[in-house]
Amino acid sequence: MSQLSQRPEKPAVGVSMPHESATQHVTGSALYTDDLVHRTKDVLHAYPVQVMRAHGRITGLRTGPALAVPGVVRVLTGADVPGVNDAGMKHDEPLFPDTVMFHGHAVAWVLGETLEAARLGAAAVEVELDELPSLIGLRDAIEAESFHGARPVMLTGDVDAGFAESAHVFSGEFQFSDQEHFYLETHAALALVDENGQMFVQSSTQHPSETQEIVAHVLGLHSHEVTVQCLRMGGGFGGKEMQPHGFAAVAALGARLTGRPVRVRLNRTQDLTMSGKRHGFHAEWKIGFDADGRIQALDATLTADGGWSLDLSEPVVARALCHIDNTYWLPNARVAGRIAKTNKVSNTAFRGFGGPQGMLVIEDIMGRCAPLLGLDPMELRERNFYRPGQGQTTPYGQPVTHPERISTVWQQVRADGRVTDRRREIAAFNATHPNTKRGLAITGVKFGISFNLTAFNQGGALVLVYKDGSVLINHGGTEMGQGLHTKMLQVAATTLGIPLHKVRLAPTRTDKVPNTSATAASAGADLNGAAVKNACEQIRERLLQVAGGRLGTNASDVRIVEGVARALGSAEELAWDDLVRTAYLQRVQLSASGFYRTEGLHWDAKAFQGSPFKYFSYGAAATEVEVDGFTGAYRIRRVDIVHDVGDSLSPMIDIGQVEGGFVQGAGWLTLEDMRWDTGDGPGRGRLLTQAASTYKLPSFSEMPEEFHVRLLENATEEGAVYGSKAVGEPPLMLAFSVREALRQAAAAFGPAGVSVELASPATPEAVYWAIEAARRAGPSPNGHPGDGFATGTGTRTGTEALNGA
């Protein structure tokens, strides 16, 4: 076992403990970015001047009327920018645009003594616009060939030969929805200039170093003149990886020009209309199976709705391609990716980062094709799993480590959930209930962990030990409720061999740990945990030398456990506090900067080949649903999950992440139906679902009646911090089982062997149309089961029926 994954005696990791800020969360004492306004003097409030048209060139911008509004101090426009007027890393996102690119695009910002004064001032700004044609729908953009960014192609094997050797070939298309992050805390920033002219920005950001970089180049400063701090976030889910930079830059620009602190805090409607979403996708595909139902070839094109600028669309598409295989071996595949340019908000990172979109395509294919092959969907999936000892690689050429875990978690879910017995019970129920049907489905997850861009796979930390024995940790990760800080406390206490109460964690700041990567890609604990461990090991090695001198033994024979240093085979001991004090008196350094870089990664983006991931996380979920045949309304009766997190750093935190990820995934796939005005009127391009009243989020009523989550045992991940694995993103894809269970329940209203198309999100309305389509599906022409299909013509996705070839 490697030094990175090996656990010492009586570790603090692996212990179930509450979130480090749980008490502050539930009592309301936890501070978020916007709470700091009330602790800051003379704050100005910024309000956006939004143009409510989808596309147009600005021909006039008159700010004079705003300045006449009482309480308005200044109006920020592009002419005020001393550096680069751009808030994106691709330099395609003007902070103050001269062309409106989506409905609600902010073209100026008003600073007021109060938020109300700023709002009235923004309403007074006069904007003249030369309207231009706009593309709102993804299909419209595809037909217009409106694309931007890279267009990667992933190729493995001989696709044409694979289809030639296939006994069954099917083709189809599938369009599925975007998703709103709907974090509890909207985008917020507070900027001020200190007495030396340095810029200090408090920001609700998952990527403080990049926020620092954007603020610096907008202001024409060097990075060392800008400090960004993130106390914590009230949720992020990827929506605060790239999108906070512009809002922080507006606050910083206002502070620079006025000499006063400036606050930017979006209200919910502004956040919904100005910030990006999960990318909706369109997929065209053709797949071939042999006579036994094993995949022989896949040819697919995935098109992401990128919105008006690139943001992170290129890596999102790349990850979608890398995950289209999910748990299935594709011996021959050709998968192309492209990004549609539409006049909508710029879509961005969202939990899973393209992985869910790619995996949804193959899971939809398996669910649709299983009846056409005369196979049970579970059996079809099992037949195509990656197998150990076969030398199988992903379509991009990476060997699949621990492929046996795909079957292990699958079989454990089947056993835990009594799947065989319950399926018999469901069949009996369906036979006696003509207007209500149940369905049960299992789906698996194989998710690669690491940033696709190799350079991002690095982390830093700064650990300080004070003379009294107390310890302060700084690391590059940000806390958005996911429990990263909790795990870092446990890692530090474990590495130093001290009780948890000795360790405290400081807010994330760019002047403590520089050049950090975003807290994203589920890599926060891997990267920052290894960096914290590295820093603590440096300090521990120095302290072992001191302890060896005091205890009269070699440093290599000293162990520090639960705050006491002891020599092997000796009863003599030295308390941690005394050890630290002795080290100080001997002028031993009691601080260390830690660093970690993920080893073994390589990636050729042009060839779309390599090993971009450190390891794969695995999971499986079984979901049972009940559907009403009159309305399409449904309920989730039971969910069983087994998920692989390696040796958990913090089991209570990880189980919470699995539960939360699953529910968020179920929301995307079944409830969260984003609607945009695609008409030709003045509201074209407007987001119609602008609030929780019209955008349906998962709530207690959508929770499974029974919810069982188990972490895979004996699953040490060699080469990861204390044998753990990432947990943030992979569980979201376990929710595919909900959608597949709904498909099976809808199919139960029709003849045996019917293939049901199901929209995504599978809202009750969409399920109703799928039920109606199943009812209309007659027997196949040759009378054999498994040859008929049902197309729900009422579905919003408008997908085509399967074409058997």
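On a predicted model such as this, the values are computed, not experimentally measured, just so you know.

**Student:** Please clarify how the overall build of the protein chain should be interpreted in this entry.
**Tutor:** Assigned secondary structure in the protein chain consists of 19 helices and 32 strands. The globule rule puts the C-alpha radius of gyration for 805 residues at 28 Å, and the 28 Å found for the protein chain is close to it. For the protein chain, the spread of C-alpha atoms along the three principal axes comes to 90 × 80 × 50 Å. Excluding contacts between residues fewer than 6 apart, the proportion of contacts in the protein chain whose partners are at least 24 apart in sequence is 81%. Accessible surface computed for the protein chain: about 28900 Å², of which carbon and sulfur atoms make up 51%.

**Student:** What am I meant to see in the confidence of the model for the protein chain here?
**Tutor:** Residues shown with low pLDDT carry predicted positions that ought not to be read at fine detail. Mean pLDDT over the protein chain: 95, with 96% of residues reaching 70 or higher. For residues 792-801, every residue scores under 50 in pLDDT, and the model assigns this stretch 30 contacts once sequence neighbours within four places are set aside.

**Student:** Would you take a moment to explain empty space enclosed by the protein for this structure?
**Tutor:** To find leftover empty space, a probe the size of one water molecule is rolled over the atoms. The full count for this structure, using the stated rule, is four cavities of 30 Å³ or more. Taken as a whole, the largest cavity spans an internal volume of roughly 330 Å³. Lining the largest cavity are 17 residues, with Glu93, Gly246, Phe247, Met274 and Trp308 positioned closest to its centre. Where the lining of the largest cavity is concerned, the elements lending two or more residues are strand S5 (105-112) and helix H7 (244-258). Per-class residue counts for the lining of the largest cavity are 12 nonpolar, four polar and one charged. There is about 80 Å³ of room inside the second largest cavity.

**Student:** Any chance you could explain helix H14 (residues 484-496) here in plain terms?
**Tutor:** It helps to recall that an α-helix has 3.6 residues per turn; residues three or four apart then point in one direction. Its 13 residues give H14 an end-to-end C-alpha distance of 18 Å, which sits within 8% of 18 Å, the value for a rise of 1.5 Å per residue. In terms of burial, H14 is a largely internal element, 13 of the 13 residues being buried. In the segment just after H14, Gly497 is the residue with positive phi, at about 75 degrees.

**Student:** What exactly am I supposed to notice about the environment of Ala748 here?
**Tutor:** By secondary structure assignment, the location of Ala748 is in the loop between helix H18 (736-747) and strand S30 (755-756). Taking the C-alpha atoms as reference, Ala748 lies 9.3 Å from Thr436; in sequence the two are 312 residues apart. When neighbours within four sequence positions are excluded, Ala748 is seen to be in contact with Asn430 and Lys437.

**Student:** Looking at this structure, how should I read the sheet that holds strand S27 (residues 615-628)?
**Tutor:** Backbone-to-backbone hydrogen bonds join strands into a sheet, with any given pair of strands oriented parallel or antiparallel. Strand order in the open sheet formed by four strands is S16-S27-S28-S29, with mixed pairing between adjacent strands. Lying at the two open borders of the sheet, with one neighbouring strand each, are strand S16 (436-449) and strand S29 (706-711). For this sheet, the mean angle separating the axes of adjacent strands, direction not counted, is 15 degrees. In the sheet, S16 pairs with S27 via 14 bridges, with the strands oriented antiparallel. Bridge pairing in S27 places Lys437 opposite Val627. Packing against the sheet, helix H17 (residues 651-670) makes contact with S27, strand S28 (634-643) and S29, and its axis sits at approximately 130 degrees to S29.

**Student:** What am I meant to see in the sheet that holds strand S23 (residues 573-575) here?
**Tutor:** With antiparallel pairing, the three strands of this open sheet are ordered in space as S21-S22-S23. Strands with a single pairing partner mark the edges of an open sheet, and in this sheet they are strand S21 (558-561) and S23. Each neighbouring strand pair of the sheet contributes to a mean axis angle of 20 degrees, computed without reference to strand direction. Summarising the sheet, S21 and strand S22 (residues 564-567) pair through four bridges and their orientation is antiparallel. Of the residues in S22, the one forming a bridge with Ile560 is Ala565.

**Student:** How should I be thinking about the pairing of strand S14 (residues 295-307) in this particular structure?
**Tutor:** Consecutive side chains of a regular strand alternate in pointing toward one face of the sheet and then the other. In terms of residue burial, S14 counts as a mostly covered element, since 11 of its 13 residues are buried. Two strands pair when backbone bridges link them, and strand S13 (residues 281-289) and S14 are joined in this way by nine bridges, in the antiparallel orientation. The partner of Glu284 across the bridge, within S14, is Thr301. Following S13, the chain reverses through five residues before pairing antiparallel with S14; Gly293 in that reversal takes a positive phi of roughly 85 degrees. Strand direction decides the pairing type here: S14 and strand S15 (residues 333-341), joined by nine bridges, are parallel. Bridge assignment links Asp305 to a residue of S15, and that residue is Ala340. One crossover worth recording links S14 to the parallel S15 by way of helix H9 (residues 313-322), and it is right-handed.

**Student:** What is the right way to look at the packing of aromatic side chains in this model?
**Tutor:** Following the criterion strictly, the structure yields 16 aromatic pairs and no others. Ring centres of Tyr328 and Phe385 lie 6.2 Å apart, and the angle between their planes is 15 degrees; on these two criteria the pair is classed as stacked. One end of the pair, Tyr328, is in the loop between H9 and S15; the other, Phe385, is in the loop between helix H11 (377-383) and helix H12 (404-416), with 57 residues separating them in the sequence. Ring centres 5.4 Å apart and planes at 65 degrees place the aromatic pair Tyr768 and Trp769 in the edge-to-face group. What makes Tyr768 partly exposed here is its relative accessible area of 26%. Among the aromatic residues, those joined into a cluster by ring pairs are Tyr396, Trp603, Phe608, Phe613 and Phe616.

**Student:** Explain the packing of helix H15 (residues 524-551) against helix H16 (residues 576-585) to me, please; I cannot follow it from the model alone.
**Tutor:** The geometry of a pair of packed helices is captured by two quantities: the angle between their axes and the separation between those axes. Relative orientation of the contacting elements H15 and H16 amounts to 100 degrees, with a least axis distance of 10 Å. As the angle between them shows, H15 and H16 are arranged roughly perpendicular. Counted together, Leu543, Val546, Ala547 and Arg550 of H15 and Trp576, Leu579, Thr582 and Ala583 of H16 form the full contact between these two elements. Residue composition of the contact of H15 with H16, by class: six nonpolar, one polar and one charged.

**Student:** I'm lost on the side chain of Asn474 in this one. Help?
**Tutor:** Assignment of secondary structure puts Asn474 in strand S18 (residues 471-475). Classification of Asn474 as buried rests on a relative accessible area of 4%. Setting aside chain neighbours within four positions, we find Asn474 in contact with Ala461, Leu462, Leu464, Ala506, Pro507, Lys512 and Val513.

**Student:** Looking at this model, I keep getting lost on the packing of helix H10 (residues 355-372) against H18. Mind explaining?
**Tutor:** One can describe the packing of H10 onto H18 by two numbers: an axis separation of 11 Å at closest approach and a directional angle of 25 degrees. The angle between the axes of H10 and H18 places the two elements in the roughly parallel class. Once H10 is placed against H18, the crossing between them reads as right-handed. Along its contact with H10, which presents Pro356, Met359, Leu360, Glu363, Asp364, Gly367 and Arg368, the element H18 presents Phe736, Arg739, Glu740 and Arg743. Of the residues assigned to the contact of H10 with H18, the class counts are four nonpolar, one polar and six charged.

Conventions we followed
Residues numbered from 1 in each chain as written. Predicted model: local features only at pLDDT ≥ 70, side-chain atom pairs only at ≥ 80, totals over all residues. Heavy atoms only, no water. Helix = DSSP H or I, 4+ residues; strand = E, 2+ residues; numbered from the N terminus. Rg over C-alpha atoms; globule rule 2.2 N^0.38 Å. Contact = heavy atoms within 4.5 Å. Areas by Shrake-Rupley, 256 points an atom, 1.4 Å probe, with all protein chains shown as cover. pLDDT = per-residue confidence, 0-100. 1 Å grid on protein atoms, 1.4 Å probe; cavity = no way out; pocket = protein on both sides within 12 Å on 5 of 7 lines; lining within 4 Å. Points joined across faces, edges and corners; volume = space filled by probe spheres on them. Nonpolar A, V, L, I, M, F, W, Y, C, P; charged D, E, K, R; others polar. Expected span 1.5 Å × (residues − 1). Buried < 20%, exposed > 50% of the residue type's maximum accessible area, 1.4 Å probe, protein only. Pairing = 2+ DSSP bridges. Axes fitted to C-alpha atoms, helices over the stretch in contact; angles between N-to-C directions. Right-handed = clockwise from strand over helix to strand, strands pointing away. Phe/Tyr/Trp six-rings, centres within 6.5 Å; stacked < 30°, edge-to-face > 60°. Parallel < 35°, antiparallel > 145°, perpendicular 65-115°, else oblique. Left-handed = near helix turned anticlockwise from the far one by under 90°.

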